[in-house]
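Structural features, examined
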Amino acid sequence: MNYFKGRIKMWDVVNESLAADGTLVENVFYRKMGPDYIEQCFRWAHEADPDAFLIYNDNKVEGCGAVETNDGDSCSSDGHSKAPIQAKADGFYNLLKDLVEKGVPIHGAGMQAHFSAGGTKHQRPPTPAMVKRQIRRIGELGLKVNISEMDVRISKLPASTDDELKSAAQTQIYQDILSAALSEPSFDGIWLWGFADRHTWVKNFYYDDAPLIFDEKYQRKESYVGVQNALKTLCSGGRVGEMVGGESAQCFLEQDVDENGNAWGEGWMQPEPKEDGNGEKSGDSTKEGQPDWLLPDTN
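So, here is what we can say about the structure in this document. (Residues numbered from 1 in each chain as written. Predicted model: local features only at pLDDT ≥ 70, side-chain atom pairs only at ≥ 80, totals over all residues. Heavy atoms only, no water.)

It is worth spelling out the overall build of the protein at this point. Within the protein, the regular secondary structure consists of seven helices and six strands. For the protein, the succession of helices and strands along the chain, N to C, is β-α-α-β-α-β-β-α-β-α-β-α-α. Counting across all 299 residues of the protein, residues that qualify as buried make up 49%. Partitioning the contacts of the protein with sequence separation of at least 6, the portion at a separation of at least 24 is 74%. Split by element, the accessible area of the protein, about 14800 Å² in all, is 50% carbon and sulfur. (Helix = DSSP H or I, 4+ residues; strand = E, 2+ residues; numbered from the N terminus. Buried < 20%, exposed > 50% of the residue type's maximum accessible area, 1.4 Å probe, protein only. Contact = heavy atoms within 4.5 Å. Areas by Shrake-Rupley, 256 points an atom, 1.4 Å probe, with all protein chains shown as cover.)

See below:
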């Protein structure tokens, strides 16, 4: 950072330090430096460049659902769905809160937003309202929030799903999640994790997919229009829920189900699989530092 002092204005200081249960991963930094290594890294980064904007970044922390809290924090909201991986979302918030309360020089938080339209359990996409609530409570800590690595996988939707519905699902996720984020004053930017489907990382780490807003031939997709529509909500107040094809818009900024009982994404969101009687598989390899995208049998 000393070399780039004054030239690079924003740094992702620490990335993916949380396990699926919201506690710290016992990685090499944890083992060698102890649980305060994140705090130390931010202090060293600030010392190297006092004018730089310093960020903590993580994945599967984007959604805050309905949870019971004892301190009245703004995540709690009656009648809302539980977030796909609430424990990690809470761990993300609590880590940031702890750093702020200690006076650590941290200025922002990045939420990666690698989504799968066909995902279930911890891979299930969060709703716009969940994303809005997570950004809101982080913003109340005095931090800025960005979506740092967004892409939307569609190949794990059922084989019977036609291309039009796959495109509609992808477009709705891009459009509505970004619209919800933009409705919060602490939200300050979005980065997409790639430019065109031809060169997406997903093909190397997961499977063949088309998660971005430009296709293999660098042509704009419907999801491009979805991002464009989301940016337009800066003028109209963040209307979400409008599917491709001109159907009437529903507002899902504050709730997951509209006044008619229609859930956000119900045209393509997949039902949770039935338990086989054995419950969840034991063990959590993310605790030892294995990223979730290397775990087998994920969506």
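In this section: the nonpolar core. The nonpolar side chains of soluble globular proteins are, as a tendency, buried together. Counting 53 residues, the largest nonpolar core has Tyr-56, Phe-92, Leu-96, Met-150 and Ile-173 as the members making the most contacts within it. Per-element tally for this core: the top contributor is helix α5 (residues 163-182), with six residues. (Core = buried A, V, L, I, M, F, W, Y, C linked by side-chain atoms within 4.5 Å.)

Moving on, we come to the side chain of Arg-153. Turning to its location among the elements, Arg-153 is positioned in strand β5 (residues 144-153). It turns out Arg-153 is buried and unbridged, and the closest side chain with the opposite charge, Asp-151, is 4.8 Å from it. One polar contact links Arg-153 to Gln-123, side chain to side chain, over a distance of 3.4 Å. Only 3.0 Å separates the side chain of Arg-153 from the side chain of Tyr-207, close enough to count as a polar contact. (Lys, Arg positive; Asp, Glu negative; His and termini not counted. Salt bridge = Lys/Arg side-chain N within 4 Å of Asp/Glu carboxyl O. Polar contact = N/O pair within 3.5 Å; in protein donor to acceptor, adjacent residues only side chain to side chain.)

Glancing now at the packing of aromatic side chains. All told, the structure shown has 11 aromatic pairs when counted by the stated rule. Plain terms: the ring middles of Tyr-3 and Phe-4 are 4.9 Å apart, the flat faces sit at 85° to each other, and that makes the pair edge-to-face. Given the relative accessible area of 64%, Tyr-3 is considered exposed. Considering the side-chain rings of Phe-214 and Tyr-224, the 5.4 Å spacing of their centres and the 70° angle between planes classify their relative orientation as edge-to-face. (Phe/Tyr/Trp six-rings, centres within 6.5 Å; stacked < 30°, edge-to-face > 60°.)

This model, assessed by the stated rule, comprises 12 salt bridges. The shortest N-O distance in the salt bridge between Arg-43 and Glu-39 comes to 3.2 Å. Here Arg-43 and its partner Glu-39 are both found in helix α2 (residues 37-48), four residues apart, which amounts to about one turn of the helix. Judged by relative accessible area, Arg-43 falls into the partly exposed class, the value being 33%. For Glu-39, a relative accessible area of 18% translates into the label buried. Between Lys-88 and Asp-58 there is a salt bridge, and its shortest N-O distance comes to 3.5 Å. A residue pair is termed long-range when its members are at least 10 positions apart, and Lys-88 in helix α3 (residues 86-101) and Asp-58 in strand β2 (residues 53-58) qualify at 30 residues.

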